There are 2 protein chains.
Amino acid sequence: MKQKKPGAQRPLKTKENLKHTKALAHSHVDIDVSHLLEDACGILRNAGLKRTPNRENLLRFLIENHGPFSKEEIQKALPKEDFDSVTLYRNLANFEEIGLVRRSEFGDGVSRYEFQSHPDNHHHHIVCTTCHKVDSLDSCSLPKLDDIVEKFGYSKVRHSLEFFGVCKDCSRKQK
Amino acid sequence: MKQKKPGAQRPLKTKENLKHTKALAHSHVDIDVSHLLEDACGILRNAGLKRTPNRENLLRFLIENHGPFSKEEIQKALPKEDFDSVTLYRNLANFEEIGLVRRSEFGDGVSRYEFQSHPDNHHHHIVCTTCHKVDSLDSCSLPKLDDIVEKFGYSKVRHSLEFFGVCKDCSRKQK
DNA sequence: ACATAAATGCAGTTGACTTGCATTTATTAA
DNA sequence: TTAATAAATGCAAGTCAACTGCATTTATGT
């Protein structure tokens, strides 16, 4: 179950594009964050995973900030006593497995992760091929490229659409 | 971007047999392949890239076979005197840059490449998450997941859709 | 508080992909 | 045809994200 990535392009500059929407003391946002965090921890528990400070900090960061983020970006944003790289990778993999986070790849050899409050909470991204900024697109339907260009001011737009599933042969064998 | 009429010659590594005007008993498929190859080489030339035996063999393989293929798969299929890995990577990168091939990633850490006879010849893939077999899907519009499941016998289908472009800031700077 | 299964983190490994550089080769001009 | 030269090649060595093994620590149910 290797999930390695190609170092296809150049290393990517990880600058600060985190949204610091840190909230006021008792806003809806805070309440939502707490709620989402508790939900997530419930899912952890159901999956037989422990609620560790590492995981809680990681989850909180992903819930409070709108990704997707690379491991590098996550590490910079977290308390440095947390997050040996190995632990971070392992937790992200765990979270992905139980559906708490979604992993994306943008062709630069780095995986990026974002919180997924619900499996149906599915959307897509547009990535600047120059500065690597990532914007999120709403729905799950294929928007017209022109609309995207217009709405976000992007030019030279291309897209990549891949489906993943279990083929007939494999699902037969698995039975 | 047409260049010249194809003389439809064999792709040998010896350089002085380019005048073999074969002509007969070949199927439409062969003719198409030759034609596509000549077109591709014209694009090479226009891009200032040389027509080497390596590149010609690589192009022919990609034209004759329906990818996408990993570097590993390509290497196995080609004459072993061709294709040191480095050269292969470099040529694939060159081809991608001038639009002759399209690179895809399916999350297993390996880039895959396929011939793209025309920039508009754009389609998508469905990948078995178990055996990694890849099927191609026709058009460029978002098919209904159910249809795919039905048509190809896939189950547990998910998809990934990413857009790439140059954002407002970057295109401003580039001017 | 205890037992224990899971989580952590260091060190070391993997593997896809790149880079540097000396050599070879396709192309263009003489 | 040949000479000039810019590009292509290929070996060795490097890079870097991501992974594994294992000894240690810790969360959790009893």
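Everything numeric here is computed off the predicted structure, so don't read it as measured data.

(A) Layout of the overall build of chain A. The helix and strand inventory of chain A stands at six helices and six strands. Moving toward the C terminus, one meets the helices and strands of chain A in the order α-α-β-α-α-β-β-β-β-α-β-α. Here chain A, with 175 residues, has 43% of them falling under the buried criterion. Of all intrachain contacts in chain A linking residues separated by at least 6 positions in sequence, the fraction that spans at least 24 positions is 46%. For chain A, the accessible area works out to roughly 10300 Å², and carbon and sulfur atoms hold 52% of it.

(B) Looking closely at the relation of the copies chain A and chain B. Overlaying chain A on chain B yields an RMSD of 0.2 Å, the required transformation being a rotation through 179° with an accompanying axial translation of 0.1 Å. Such a combination of turn and shift is consistent with a two-fold rotation axis. Mapped onto chain B, 86% of the interface residues of chain A again fall at the interface, so both copies present the same surface.

(C) A look at the sheet that holds strand β6 (residues 155-166) of chain A. Spatial ordering of the open sheet is given by β5(A)-β4(A)-β6(B)-β6(A)-β4(B)-β5(B), a layout of six strands whose pairing is mixed. Two strands in the sheet have a free side with no partner beyond their single neighbour: β5 (134-137) of chain A together with β5 (134-137) of chain B. In this sheet, neighbouring strand axes are inclined to one another by 25° on average, regardless of whether the strands run parallel or antiparallel. Of the pairings in the sheet, the one linking β6 of chain A to strand β4 (residues 124-128) of chain B comprises four bridges and is parallel in character. By the bridge assignment for β4 of chain B, Phe163 of chain A is matched with Ile126 of chain B.

(D) Up close: the protein's contact with DNA strand D. Neighbouring residues of DNA strand D: 24 residues in total, closest Arg51 and Tyr89 of chain A together with Thr52, Arg55 and Arg90 of chain B. Of everything in DNA strand D that lies within 4 Å of the protein, sugar and phosphate atoms constitute 68%. The separation between a base nitrogen of DNA strand D and a polar side-chain atom of Lys50 of chain A is 3.2 Å. In the environment of DNA strand D, a phosphate oxygen lies 3.4 Å from a nitrogen or oxygen atom belonging to the side chain of Asn54 of chain B. For the surface near DNA strand D, the secondary-structure elements that each account for two or more residues are α4 (85-97) of chain A together with α2 (53-64) and α4 (85-97) of chain B. Take the surface near DNA strand D: its biggest share by element is four residues, from α4 of chain B.

(E) Representation of the environment of Phe115 of chain A in the model. All names here are of chain A. Here Phe115 shows up in strand β3 (residues 111-115). By relative accessible area, Phe115 is classed as buried at 13%. Note: C-alpha distance between Phe115 and Phe61 (54 residues apart in sequence) is 9.0 Å. With residues near it in sequence (within four places) discarded, Phe115 still touches Leu36, Ala40, Leu59, Leu62, Ile63, Leu100 and Val101.

(F) Structural view of α4 of chain B. Residues and elements named next belong to chain B. The first and last C-alpha atoms of α4 sit 18 Å apart over 13 residues, in line with the 18 Å expected at 1.5 Å per residue. All of the buried residues along α4 are Leu88, Asn91, Leu92 and Phe95. Buried residues of α4, viewed axially, fall in a sector of 100°; they line one side. Exposed and facing more than 90 degrees away from the buried side of α4 are Arg90 and Glu97. Positive phi shows up at Gly99, right after α4, with a value of about 85°.

(G) Up close: the interface of chain A and chain B. With 49 residues of chain A in contact, the opposing surface of chain B contributes 46 residues. Contact between chain A and chain B buries roughly 4400 Å² in total, counting both sides, with carbon and sulfur atoms accounting for 56%. Our count for the chain A to chain B interface comes out at zero salt bridges. In this structure, the connection of chain A to chain B is made through 24 residue pairs in polar contact (both at pLDDT 80 or more). Elements that contribute at least two residues to the side of chain A that touches chain B include exactly β2 (101-105), β4 (124-128), α5 (145-152), β6 and α6 (168-174) of chain A. Broken down by element, the residue count for the side of chain A that touches chain B peaks at 12 residues, all from β6 of chain A. Its residues placed into classes, the side of chain A that touches chain B shows 22 nonpolar, 17 polar and 10 charged. Sheet analysis places β6 of chain A next to strand β6 (residues 155-166) of chain B, joined by nine bridges and oriented antiparallel. Note that in β6 of chain B the partner of Ser160 of chain A across the bridge is Glu162 of chain B.

(H) Representation of the packing of aromatic side chains in the model. All names here are of chain A. Enumeration over the complete set of coordinates arrives at six aromatic pairs over all chains. Ring centres 6.3 Å apart and planes at 65° place the aromatic pair Phe152 and Tyr154 in the edge-to-face group. Across this residue pair, the class does not change: Phe152 and Tyr154 are buried.

(I) Geometry of the packing of α2 of chain B against α4 of chain B. Residues and elements named next belong to chain B. With their axes 11 Å apart at the nearest point, α2 and α4 run at an angle of 65° to one another. Classified by the angle between their axes, α2 and α4 sit roughly perpendicular to one another. At the point where α2 passes α4, the crossing takes the right-handed sense. For the pair α2 and α4, contact is made by Asn54, Arg55, Leu58, Leu59 and Leu62 and by Thr87, Leu88, Asn91, Leu92, Asn94 and Phe95, respectively. Considering only residue class, the contact of α2 with α4 consists of six nonpolar, four polar and one charged.

How each quantity is defined
- Residues numbered from 1 in each chain as written.
- Chains lettered and ligands numbered in written order.
- Predicted model: local features only at pLDDT ≥ 70, side-chain atom pairs only at ≥ 80, totals over all residues.
- Heavy atoms only, no water.
- Helix = DSSP H or I, 4+ residues; strand = E, 2+ residues; numbered from the N terminus.
- Buried < 20%, exposed > 50% of the residue type's maximum accessible area, 1.4 Å probe, protein only.
- Contact = heavy atoms within 4.5 Å.
- Areas by Shrake-Rupley, 256 points an atom, 1.4 Å probe, with all protein chains shown as cover.
- Least-squares fit on C-alpha atoms with pLDDT ≥ 70 in both.
- Pairing = 2+ DSSP bridges.
- Axes fitted to C-alpha atoms, helices over the stretch in contact; angles between N-to-C directions.
- Near = heavy atom within 4 Å.
- Polar contact = N/O pair within 3.5 Å; in protein donor to acceptor, adjacent residues only side chain to side chain.
- Expected span 1.5 Å × (residues − 1).
- Arc of directions from axis to C-beta.
- Buried area = accessible area lost by both parts, 1.4 Å probe.
- Salt bridge = Lys/Arg side-chain N within 4 Å of Asp/Glu carboxyl O.
- Nonpolar A, V, L, I, M, F, W, Y, C, P; charged D, E, K, R; others polar.
- Phe/Tyr/Trp six-rings, centres within 6.5 Å; stacked < 30°, edge-to-face > 60°.
- Parallel < 35°, antiparallel > 145°, perpendicular 65-115°, else oblique.
- Left-handed = near helix turned anticlockwise from the far one by under 90°.

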